[in-house]
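Below, each chain spelled out in residue letters.
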Amino acid sequence: MKEKDLVAWGSMISGFCQNRKFREALGYFGRMNADGIRPDSDIMSSVIIACIGLENVDSGCMIHGYVIKSGLDRDVYVATSLVDMYSKCGFPDMAENVFSEMPHKNLVAWNSMMSCYCRNGLPDQSIKLFSKIVQHGFYLTNGFYPNSISMDILVYISEHVSERCSFPDLSCNYAGLVDEGHNIFHSMTVEHGIEPKMEHNIFQSCNYADLLGRAGPLEDAYNFVKTMHMEPDRSVWLSLLCASRARSNVELGELAAHNLLKVELDRSSNYVQLLLLYGEAALWDKAANIRSTMKEKGLKKNPGCSWIELRDKVDVFFSGDSSSLRTMEIYMRYYIA
């Protein structure tokens, strides 16, 4: 093309982002500026997505400076993209600064900030933010209400609350968060009249059962599962089984495992949790029976793995793995160090 307008540049940058070629997207953004073409909010949002994809906060900060100089920081979509970028790069304070400077905030912006707090281990702040905007009538005065994305975020908060309540030495400090999780679970449907889709309902139920199992009485978790409005799926029974194992409740664990195996009989991880429950309870005969059943079915425990992303490529490593073409080089560097 002899002459490239804003649409042409924007299409290329967006296309690179959609195909996860984030370095190329930033490169084309630089070339666009060199040609004297000034970006609009759509292009800037794509460029910020490229920074997120690279997980490069330095590039993100430079783009943020460019946004301020160009006056696009007042655009709600660009500012929300910056909140998302700082959130995913692990800088919630920077995200909070961008959010607080936004002159106008829509539902996407509020959802992004709640998600930021939760993603970075600050579920308390996320809960407070949601409570604040509801108490102050933000949704009503601004003409919109929480949506299914808000529900997903609040369910995710419940999951983090349950994780924090699972540590014995923190149980006293965070005991009140169980009630918060309960309130979160019901607020969207009861207070705001949002009917969740089926996947939301199952996701909510799984996390709420997990919350009760980790931090509340196990009987409450089981009673909740029994009174669900839909048939509990694998994730719900697995959450109850894991909670039973954490609390050394063999009887309820066996009940959860029985229902879990009725839903999905030939999945190794279902047997592994029951095997661990028996092992930790020193029920060696029952553990041996589970191992025998797994062997008959040809099921094996999936090994744990680690992975690292370098130059847009993900390498996966298993314990004792020698499948990499650079195995010898890796071990030599390890032993020399």
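Predicted, not measured: the structure shown is a model, and the values here were computed from it.

**Things to note about the overall build of the protein chain**
Phase 1: For the protein chain, the count of helices and strands is 18 helices and two strands.
Phase 2: Taking all 337 residues of the protein chain together, 42% fall into the buried category.
Phase 3: By sequence separation, contacts in the protein chain at least 24 residues apart represent 60% of the contacts at least 6 residues apart.
Phase 4: As displayed, the protein chain has an accessible area near 19,500 Å², and 53% of this comes from carbon and sulfur atoms.

**A look at unusual backbone geometry**
Phase 1: For Arg-20, which is not glycine, the phi dihedral falls at a positive 60 degrees.
Phase 2: Topologically, Arg-20 is positioned in the loop between α1 (6-18) and α2 (22-34).
Phase 3: The backbone phi angle of Glu-55 is positive, close to 50 degrees, even though this residue is not glycine.
Phase 4: Following the sequence through the fold, Glu-55 ends up in the loop between α3 (41-54) and α4 (57-70).
Phase 5: Given the relative accessible area of 58%, Glu-55 is considered exposed.

**Things to note about the packing of aromatic side chains**
Phase 1: The final tally for this structure, using the stated rule, is four aromatic pairs.
Phase 2: Each ring, one from Phe-29 and one from Tyr-66, has its centre 5.4 Å from the other, and the planes form 80 degrees; the classification is edge-to-face. Of this pair, Phe-29 sits in helix α2 while Tyr-66 sits in helix α4, placing them 37 residues apart in sequence.
Phase 3: What links up through ring pairs into an aromatic cluster is the set Trp-9, Phe-16 and Tyr-28.

**Considerations on the confidence of the model for the protein chain**
Any residue range with low pLDDT should be treated as having predicted coordinates unsuitable for detailed reading.
Phase 1: Overall, the prediction assigns the protein chain a mean pLDDT of 77, with 67% of residues at 70 or greater.
Phase 2: Note that residues 162-175 has pLDDT below 50 and, in this model, 16 contacts with residues that lie over four places away or in other chains.

**A word on the packing of α3 against α4**
A pair of packed helices can be characterised by two numbers: the angle between their axes and the separation between those axes.
Phase 1: Two numbers describe how α3 lies on α4: the axes approach to 9 Å, and their chain directions differ by 160 degrees. Between α3 and α4, the angle is such that the two are roughly antiparallel. In this structure, the crossing between α3 and α4 has a hand that is left-handed. On the side of α3, the interface is formed by Met-44, Val-47, Ile-48 and Cys-51, while α4 contributes Ser-59, Gly-60, Ile-63, Tyr-66 and Val-67.
Phase 2: Looking at the contact of α3 with α4 residue by residue, the class counts come to seven nonpolar, two polar and no charged.

**Details of the side chain of Ser-45**
Phase 1: Along the chain, the position of Ser-45 falls in helix α3.
Phase 2: Residue Ser-45 is classed as buried on the basis of its relative accessible area of 14%.
Phase 3: With residues near it in sequence (within four places) discarded, Ser-45 still touches Tyr-77, Val-78 and Ser-81.

**Here we look at the nonpolar core**
Phase 1: Counting residues in each nonpolar core, the largest one holds 41 residues, and the members touching the most others are Phe-29, Ile-63, Met-85 and Met-113.
Phase 2: Counting only elements with at least two residues in this core, the list comes to α1, α2, α3, α4, α5 (76-88), α6 (92-101), α7 (107-119) and α8 (123-135).
Phase 3: Take this core: its biggest share by element is eight residues, from α3.
Phase 4: Ignoring sequence-local partners within four residues, the contact set of Met-113 consists of Val-83, Pro-92, Ala-95, Glu-96, Phe-99 and Leu-129.
Phase 5: In this structure, Leu-218, Leu-238, Ala-256 and Ala-287 belong to the second largest nonpolar core, which totals 28 residues.

What counts and what doesn't
- Residues numbered from 1 in each chain as written.
- Predicted model: local features only at pLDDT ≥ 70, side-chain atom pairs only at ≥ 80, totals over all residues.
- Heavy atoms only, no water.
- Helix = DSSP H or I, 4+ residues; strand = E, 2+ residues; numbered from the N terminus.
- Buried < 20%, exposed > 50% of the residue type's maximum accessible area, 1.4 Å probe, protein only.
- Contact = heavy atoms within 4.5 Å.
- Areas by Shrake-Rupley, 256 points an atom, 1.4 Å probe, with all protein chains shown as cover.
- Phe/Tyr/Trp six-rings, centres within 6.5 Å; stacked < 30°, edge-to-face > 60°.
- pLDDT = per-residue confidence, 0-100.
- Axes fitted to C-alpha atoms, helices over the stretch in contact; angles between N-to-C directions.
- Parallel < 35°, antiparallel > 145°, perpendicular 65-115°, else oblique.
- Left-handed = near helix turned anticlockwise from the far one by under 90°.
- Nonpolar A, V, L, I, M, F, W, Y, C, P; charged D, E, K, R; others polar.
- Core = buried A, V, L, I, M, F, W, Y, C linked by side-chain atoms within 4.5 Å.

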